[in-house]
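Spelled out from the first residue to the last, the chains are:
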Amino acid sequence: MEDFPCEVIRNFSIIAHIDHGKSTLADRLVRLFLALTGTIKKASGSNQQVLDKLKVERERGITVSRLGFRIAISPPCTSMIHNVNRRKYLLNLIDTPGHVDFSWEVSRSLAASQGALLLVDATQGVQAQSISVFHIAKERGLKIIPVLNKIDMPASQPERITAQLQSIFGIDPAEVLQISAKTGQGVEAVLQAIIDRIPPPSALVDKPLKALLFDSHYDRYRGVISLVSLHDGVIRKGDKIASCHSGKKYEVQEVGIMHPEELPTTSLQPGQVGYIACNMKESSEAHIGDTLHRVGVLVDPMPGFQPAKAMVYAGVFPVDTNDFLKLEESIRRLTLTDRSVTVQRESSSALGQGCRLGFLGTLHMDVFRQRLEDEYDASIIVTAPTVPYKVVYTDRTITVSNPTEFPDLSDSSLRVKAVQEPVVKASIIVPEDYLGEMMELCFSHRAEDVDHRYLDSGTSISARIILTCTIPLSEIVTDFFDKLKGKSSGYASFDYEDAGYKASDLSKMVFLLNGKPVDALALIVHRSAQEDVGRMWVKKLHKVIPRQLFEVPIQAAIGKKVIARETLKAMRADVTAGLYRRDHVSWFDCVTGHYERKMKHLQNQKESKRRMKRIGSVDLPQEAFFDILSSKAK
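### Looking at the pairing of strand S3 (residues 89–94)
(1) Moving on: With 6 of its 6 residues buried, S3 lies for the most part within the structure.
(2) Moving on: Burial of S3 is two-sided: the residues Tyr89, Leu91 and Leu93 facing one way and the residues Leu90, Asn92 and Ile94 facing the other way are all buried.

### Points about helix H11 (residues 530–544)
(1) Moving on: Relative to the 21 Å expected for 15 residues at 1.5 Å per residue, H11 spans 21 Å between its end C-alpha atoms, a close match to the ideal helical length.
(2) Moving on: Listed as buried for H11 are Gln530, Val533, Gly534, Trp537, Val538, Lys540 and Leu541. On an axial view of H11, the arc spanned by its buried residues comes to 160 degrees, and they lie on one face. Exposed side of H11, more than 90 degrees from the buried face: Asp532 and Lys543 are the residues found there.

### A look at the environment of threonine 383
(1) Moving on: Locating threonine 383 in the fold gives a position in the loop between strand S20 (380–382) and strand S21 (389–393).
(2) Moving on: Its relative accessible area of 8% is what places threonine 383 among the buried residues.
(3) Moving on: At 2.7 Å, the side chain of threonine 383 forms a polar contact with the backbone nitrogen of glycine 315.

### Structural notes on unusual backbone geometry
(1) Moving on: Even without being a glycine, aspartate 449 presents a positive backbone phi close to 55 degrees.
(2) Moving on: As for its position among the elements, aspartate 449 is in strand S24 (residues 448–454).
(3) Moving on: For aspartate 449, a relative accessible area of 62% puts it in the exposed group.
(4) Moving on: For serine 489, which is not a glycine, the phi torsion comes out positive at approximately 60 degrees.
(5) Moving on: One can find serine 489 in the loop between helix H10 (480–487) and strand S26 (493–503).
(6) Moving on: Residue serine 489 is classed as partly exposed on the basis of its relative accessible area of 49%.

### Here we look at helix H9 (residues 435–444)
A turn of α-helix holds 3.6 residues, and therefore any two residues three or four places apart point the same way.
(1) Moving on: Listing the buried residues of H9 in full gives Leu435, Met438, Leu441 and Cys442. Take H9 and look down its axis: the buried residues cluster within an arc of 125 degrees, on one side only. The exposed residues of H9 that point more than 90 degrees off its buried face are Glu440 and Ser444.
(2) Moving on: Close packing links the buried residues of H9 with strand S23 (416–431), S24, strand S25 (464–472) and H10.
(3) Moving on: Phi for arginine 446, located one or two positions after H9, is positive at around 65 degrees.

### Let's talk about the confidence of the model for the protein chain
(1) Moving on: Averaged over all residues, the pLDDT of the protein chain is 79; the fraction at 70 or higher stands at 79%.
(2) Moving on: Segment residues 39–47: pLDDT under 50, and 8 contacts once partners within four positions in sequence are set aside and those in other chains are kept.
(3) Moving on: Here residues 64–85 is modelled with pLDDT under 50, and outside its nearest four sequence neighbours on either side it reaches 78 contacts, counting other chains as well.

### A short note on the side chain of threonine 335
(1) Moving on: Mapped onto the fold, threonine 335 is located in helix H7 (residues 324–335).
(2) Moving on: At a separation of 2.8 Å, a polar atom in the side chain of threonine 335 contacts the main-chain carbonyl oxygen of arginine 332.
(3) Moving on: When near neighbours in sequence (up to four residues on either side) are disregarded, threonine 335 contacts Val341, Val343 and Phe368.

### A word on the packing of H9 against H10
(1) Moving on: Between H9 and H10, the shortest axis-to-axis distance is 10 Å and the interhelical angle comes to 160 degrees. Judged on the interaxial angle alone, H10 and H9 are roughly antiparallel. Viewed along their axes, H9 and H10 form a crossing whose handedness is right-handed. Judged by residue contacts, Glu437, Met438 and Leu441 of H9 engage Phe480, Lys483, Leu484 and Lys487 from H10.
(2) Moving on: By residue class, the composition of the contact of H9 with H10 is 4 nonpolar, no polar and 3 charged.

### A closer look at the sheet that holds strand S19 (residues 352–359)
Working definition: the strands of a sheet are paired by backbone hydrogen bonds and lie parallel or antiparallel to each other.
(1) Moving on: Pairing is antiparallel across the open sheet formed by 4 strands, whose spatial order is S18-S19-S17-S20. Strands at the two margins of the open sheet, each flanked by one partner only, are strand S18 (342–348) and S20. The mean inter-strand angle of the sheet, taken between neighbouring strand axes irrespective of direction, is 30 degrees.
(2) Moving on: Against the sheet, H7 engages strand S17 (312–318), S18, S19 and S20, with an angle of about 15 degrees to S19.
(3) Moving on: Contacting S17, S19 and S20, helix H8 (residues 362–376) crosses the sheet at an angle of about 170 degrees to S20.

### Thoughts on the pattern of salt bridges
(1) Moving on: Taken as a whole and judged by the stated rule, the model has 20 salt bridges.
(2) Moving on: Notably, a salt bridge pairs arginine 222 with glutamate 262, separated by 2.5 Å at the nearest N-O pair. With arginine 222 in the loop between strand S7 (210–219) and strand S8 (223–232) and glutamate 262 in strand S13 (residues 262–264), this pair connects stretches of sequence that are 40 residues apart.
(3) Moving on: With a relative accessible area of 28%, glutamate 262 lands in the partly exposed category.
(4) Moving on: We note a salt bridge from aspartate 366 to arginine 369, for which the minimum N-O separation is 2.8 Å. Taken together, the positions of aspartate 366 and arginine 369, both in helix H8 and 3 residues apart, correspond to about one turn of that helix.
(5) Moving on: Within this structure, Asp219, Arg222, Glu254 and Glu262 form a network of salt bridges that share partners.

### Some thoughts on the pairing of strand S5 (residues 143–149)
(1) Moving on: Most of S5 is tucked away, with 6 of its 7 residues classed as buried.
(2) Moving on: Two strands pair when backbone bridges link them, and strand S4 (residues 115–121) and S5 are joined in this way by 7 bridges, in the parallel orientation. Pairing of valine 120 across the sheet is with leucine 148, part of S5.
(3) Moving on: In this region the chain leaves S4, passes through helix H4 (residues 128–139) and returns to the parallel neighbour S5; the handedness of that crossover is right-handed.

### Topic: the packing of aromatic side chains
(1) Moving on: Summed over all chains, the structure comprises 7 aromatic pairs.
(2) Moving on: Relative to phenylalanine 494, the ring of phenylalanine 480 has its centre 5.3 Å away and its plane inclined at 55 degrees; by these criteria the two rings are tilted. Here phenylalanine 480 is found in helix H10, whereas its partner phenylalanine 494 is found in strand S26, with 14 residues between them in sequence.
(3) Moving on: The exposure class assigned to phenylalanine 494 is buried, which follows from its relative accessible area of 8%.
(4) Moving on: Geometrically, the ring pair formed by phenylalanine 511 and tryptophan 537 is tilted, given 5.6 Å between the ring centres and 35 degrees between the ring planes. Of the two residues, phenylalanine 511 is situated in strand S27 (residues 506–513) and tryptophan 537 in helix H11; the sequence distance between them amounts to 26 residues.

### Observations concerning the packing of H7 against H8
(1) Moving on: Axis separation between H7 and H8 bottoms out at 11 Å; the angle between their running directions is 110 degrees. On the basis of their axis angle, the class for H7 and H8 is roughly perpendicular. When you trace H7 past H8, the crossing you get is right-handed. Residues Lys326, Leu327, Ser330, Ile331, Arg333, Leu334 and Thr335 of H7 lie in contact with H8, whose contacting residues are Phe368, Arg371, Leu372, Glu375 and Tyr376.
(2) Moving on: Looking at the contact of H7 with H8, its residues break down into 6 nonpolar, 2 polar and 4 charged.

Reading the values: the criteria
Residues numbered from 1 in each chain as written. Predicted model: local features only at pLDDT ≥ 70, side-chain atom pairs only at ≥ 80, totals over all residues. Heavy atoms only, no water. Buried < 20%, exposed > 50% of the residue type's maximum accessible area, 1.4 Å probe, protein only. Helix = DSSP H or I, 4+ residues; strand = E, 2+ residues; numbered from the N terminus. Expected span 1.5 Å × (residues − 1). Arc of directions from axis to C-beta. Polar contact = N/O pair within 3.5 Å; in protein donor to acceptor, adjacent residues only side chain to side chain. Contact = heavy atoms within 4.5 Å. pLDDT = per-residue confidence, 0-100. Axes fitted to C-alpha atoms, helices over the stretch in contact; angles between N-to-C directions. Parallel < 35°, antiparallel > 145°, perpendicular 65-115°, else oblique. Left-handed = near helix turned anticlockwise from the far one by under 90°. Nonpolar A, V, L, I, M, F, W, Y, C, P; charged D, E, K, R; others polar. Pairing = 2+ DSSP bridges. Salt bridge = Lys/Arg side-chain N within 4 Å of Asp/Glu carboxyl O. Right-handed = clockwise from strand over helix to strand, strands pointing away. Phe/Tyr/Trp six-rings, centres within 6.5 Å; stacked < 30°, edge-to-face > 60°.

Here it is in structure tokens:
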């Protein structure tokens, strides 16, 4: 690695809205040059990607984890013949996720880069996430290279999208590159632009070691593997290093690069990006944003990152309660590779032992669930997603993420002053023909400060609008995105960022079966939606709960007030059927109905059902929970 000084190193990322071809371009860059070196051979009929390795990534076409990757190349030339007299460059590609849920991951990748490719779909134009990641990159001082992708598509409009880039970001149209990552058209020009436009890292070999830890993953044999970016100094196998965050000391056991798999090297030089293994036993020891330095040589820590903030919480329970320990171990192993998930044990009288997990968003939650099922063969029930609320008492403020822990606001002895819910600043980009539907959707989900402006000055057919508003996070964690796509015919894009907390009129809704609450179904709802949500849930429960031998009232209650009710009729046996058998009664008794004996049997049945209702309990089977909680409830 000594052959690559800072002057020939280029550290860059690819930032884009989801489904704009970011993973395809990253894969094309990797395959283009590794095919030349023979590291990756062309596979006939195979289209498996190099960087997206997880099954869930390939199935969904998304990136959920970062990967540092390194390419050693000569500057592209038309003949593509390696020239030993030409200078070699080292390109470090730090892959990034594209969905809004993983914006924290994007900021970590950009911290190890000096430039970024801003990838925009030539058929869709600038989307909400494109604007968000552009400003993140500009704040970090990265050099932006604008790239239009999918120009081979019949619906592409490169001239109009280039005008959008100029009006929104102030980008010179002459700097915009036009490519097709799918066919490879123009990709070589992208590599040349990376070398020409992105500045090299400013690092010195004679300064004390200073390395930024920007990511980590867990290896069952070697412990925690840390991805680092060297800002100064050199790190070699056998070096003694220390953490600025914890002060713990480690000995470097292995140093290497990703090529694209782990490739051990003798050292990492200033400005380079690679991995180190140093006998870290727990993932919590690898603090993201930490500064590593040589033992005995103190350095000023570099600016780190804000810690990952869980935005959505859900309970995860095994379908078979006897599998809890197995599920807990599976979650523990999976969180070793996904540091942003928070885990806490919880218990439910209906579902048994389980875990309360915190996620970055609903997609993150769904991906984690799918990985549990795919990689660990787990059969689980996931409760409805909730958000963290703040309950302000007269003497303290607590955060509540589990509806069962939410206080009863009708009880004045609890001294609750206010309840605050998290809100986000949302951005929606949509063709102007759908503006009315989008504003109606926002207002129906309690949006405030709704505003809009035109993104471009095209014709009435092509003009697009960006709509901004402040909306409660609880309103977008259920079916908001599905409604957004439905009302806009799939043309709208959505992005949001945290906007703090705001006081709100919220209450806990509990559901009663035969007068007994079911804690796993508790909800926190706004006053304006109490009746609608209560009626919808009791109707849903009425459909899935099996009939009992006695009548079961299904109620939705807030405090002591019942706001919705359905009654599950009892299974009733015909206890008078035996009275009509000829060997018991005469023909005359059959005609007259033997009224006294029939009423006596019916009265005994009524008394027995009343006794069963008083002492009986309704068992909600796991299948019923799965039917209720697997559907989106809002």
